[in-house]
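Each chain is listed here by its residues.
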Amino acid sequence: MKQVVIIGSGCAGWTAALYTARANLQPLVLTGAQPGGLLTTTTTVENFPGFPDGVDGYELMTRMQKQAERFGARAQFGTVEAVDFSKRPFALMVDGEKVEARAVIIATGASHRHLGLESEAKLENKGVTYCATCDGALPAFRNKPLVVVGGGDSACEEANYLTRFGSVVHLIHRRDQLRASKIMAERTLANPKIKPVWNSVVTDVLDVAQDQVTGVRVKNVKTGAESMIDCAGLFVAIGHVPSTQLFKGQIALDQSGYIVPTQGAATNVPGVFVAGDCADHVYRQAITAAGMGCAAAIEAERFLAAQNG
Ligand SMILES: Cc1cc2nc3c(=O)[nH]c(=O)nc-3n(C[C@H](O)[C@H](O)[C@H](O)COP(=O)(O)OP(=O)(O)OC[C@H]3O[C@@H](n4cnc5c(N)ncnc54)[C@H](O)[C@@H]3O)c2cc1C
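Keep in mind it's a predicted model, so treat the numbers as computed, not measured.

Colleague: Before we move on, can you summarise the sheet that holds strand S17 (residues 233-236) with the specific residues and values?
Modeller: Hydrogen bonds between backbone atoms are what pair the strands of a sheet, whose relative direction is either parallel or antiparallel. On the basis of which strands lie adjacent, the open sheet formed by 5 strands has the order S10-S17-S11-S12-S13 and parallel pairing. On the outer flanks of this sheet lie strand S10 (128-129) and strand S13 (194-197), each paired with one strand and no other. Those strands touched by helix H5 (residues 153-162) are strand S11 (145-149), strand S12 (168-172), S13 and S17, and its axis lies near 170° from that of S11.

So this is what it looks like as structure tokens:
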């Protein structure tokens, strides 16, 4: 039986592993289908402290893993298919095998919603992005027209943030008014650099042949009319899906499926802790996920110490 099992190997998971390993708990990290997590899908990370020249996302995650392994953390490639948190030790089914743990840290992350276009997938990281905070300041987007797709608070926040860098920000929304909170919608529409494009959807991202974003094809859903908007970047902000399906019925989730921490990193099940984007629909950054991983590890360590009397 393991002292601590960590589900997920992103920034939250490996930071939790580092702290629990240094507390001598020999954590087992279950990597899931994406070892290293979301950050392995990006090139340069410019906002993780300690790297003044930026760091490659894959390299950052490899370093996190090595650092945790140095203190005794162990990685197992595997996906958790089911959990039983109704009694302790907790039981996890990992690729058909049962793993038991006295404490569990959930760090399964979240994925962003895609538009579902072939050209969008081909141009990801070549002008198509899902995070303005992460990529907005990149040189490729400076003083260039940019496009944001979405109409909620996140899309408005991204559009406002991008006005610091882009020459103009086209905000494409499929309805005739924003879904965002009133104050956010008002601020967005009052920003002279944001140009709303109502009742419209993106039908194609150009230019796959040039291997970079040069514009988007837009269709008005009311009239059917098609038009082109030139841009250097397409920021898709139509929501995230937390990877928490498997915990349904086992642990408290909010309406959108995010895990609800009760106090700090604790959940409603004593001995189960949570960290990172699977519990965070607000910040969604590598450093916040890492910070939550640290908190979850300290909580798990205290929980186990209290159990041992
Ligand atoms: C293209 C891109 C660029 C980004 N750039 C930046 C940036 O520059 N700066 C920044 O701060 N943030 C950036 N982010 C955001 C950042 O990647 C996330 O905030 C961060 O990765 C969240 O970490 P996490 O550990 O919570 O989850 P994730 O990194 O998503 O990791 C989740 C882990 O859980 C595992 N998992 C899921 N389900 C299971 C299961 N059933 N069983 C076992 N394991 C499972 C996955 O395999 C994965 O290892 C970027 C995101 C993307 C997509």
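Colleague: Explain the state of the cysteines to me, using residue names and the numbers behind them.
Modeller: One pass over the full model with this rule turns up 1 disulfide. Linked covalently through their sulfurs, Cys131 and Cys134 form a disulfide whose S-S length is 2.1 Å. The chirality of the disulfide connecting Cys131 with Cys134 is right-handed, given an S-S dihedral of about 70°. For Cys131, a relative accessible area of 14% translates into the label buried.

Colleague: If you had to explain the site of the ligand to someone new, which residues and values would you point to?
Modeller: Taken together, the neighbourhood of the ligand is formed by 34 residues, with Thr31, Gln34, Asn47, Asp277 and Ala286 sitting nearest. At 2.9 Å, a backbone N or O of Leu38 approaches an oxygen atom of the ligand. At 3.0 Å from an oxygen atom of the ligand is found a side-chain nitrogen or oxygen belonging to Gln285. Burial of the ligand by the protein chains amounts to 93% of its free accessible area of 1000 Å².

Colleague: Account for the pairing of strand S1 (residues 2-7), with residues named and values stated.
Modeller: Consecutive side chains along a regular strand alternate between the two faces of the sheet. In this structure, S1 lies alongside strand S8 (residues 97-106), joined through 5 bridges in parallel fashion. Paired with Val4 across the strands is Ala103, a residue of S8. Across 3 bridges, S1 lies against strand S2 (residues 28-30) in parallel orientation. Its bridge partner being in S2, Ile7 is matched across the sheet by Leu30. Assessed by its sense of winding, the connection that carries the chain from S1 through helix H1 (residues 11-22) to S2 is right-handed.

Colleague: Help me get a handle on the nonpolar core, residues and values and all.
Modeller: In terms of nonpolar packing, the biggest core is built from 35 residues, with Cys11, Trp14 and Ile105 touching the most fellow members. Elements that contribute at least two residues to this core include exactly S1, H1, helix H2 (57-70), S8 and helix H7 (286-307). The biggest single contributor to this core is H7, with 8 residues. If we ignore the near neighbours within four places in the chain, the residues touching Cys11 are Leu39, Met61, Met64, Ala286, Ala289 and Ala290. Among the nonpolar cores identified, the runner-up in size contains 22 residues, and Val5, Leu30, Val104 and Ala279 belong to it.

Rules of the game
Residues numbered from 1 in each chain as written. Predicted model: local features only at pLDDT ≥ 70, side-chain atom pairs only at ≥ 80, totals over all residues. Heavy atoms only, no water. Pairing = 2+ DSSP bridges. Helix = DSSP H or I, 4+ residues; strand = E, 2+ residues; numbered from the N terminus. Contact = heavy atoms within 4.5 Å. Axes fitted to C-alpha atoms, helices over the stretch in contact; angles between N-to-C directions. Disulfide = S-S within 2.5 Å. Buried < 20%, exposed > 50% of the residue type's maximum accessible area, 1.4 Å probe, protein only. Near = heavy atom within 4 Å. Polar contact = N/O pair within 3.5 Å; in protein donor to acceptor, adjacent residues only side chain to side chain. Areas by Shrake-Rupley, 256 points an atom, 1.4 Å probe, with all protein chains shown as cover. Right-handed = clockwise from strand over helix to strand, strands pointing away. Core = buried A, V, L, I, M, F, W, Y, C linked by side-chain atoms within 4.5 Å.

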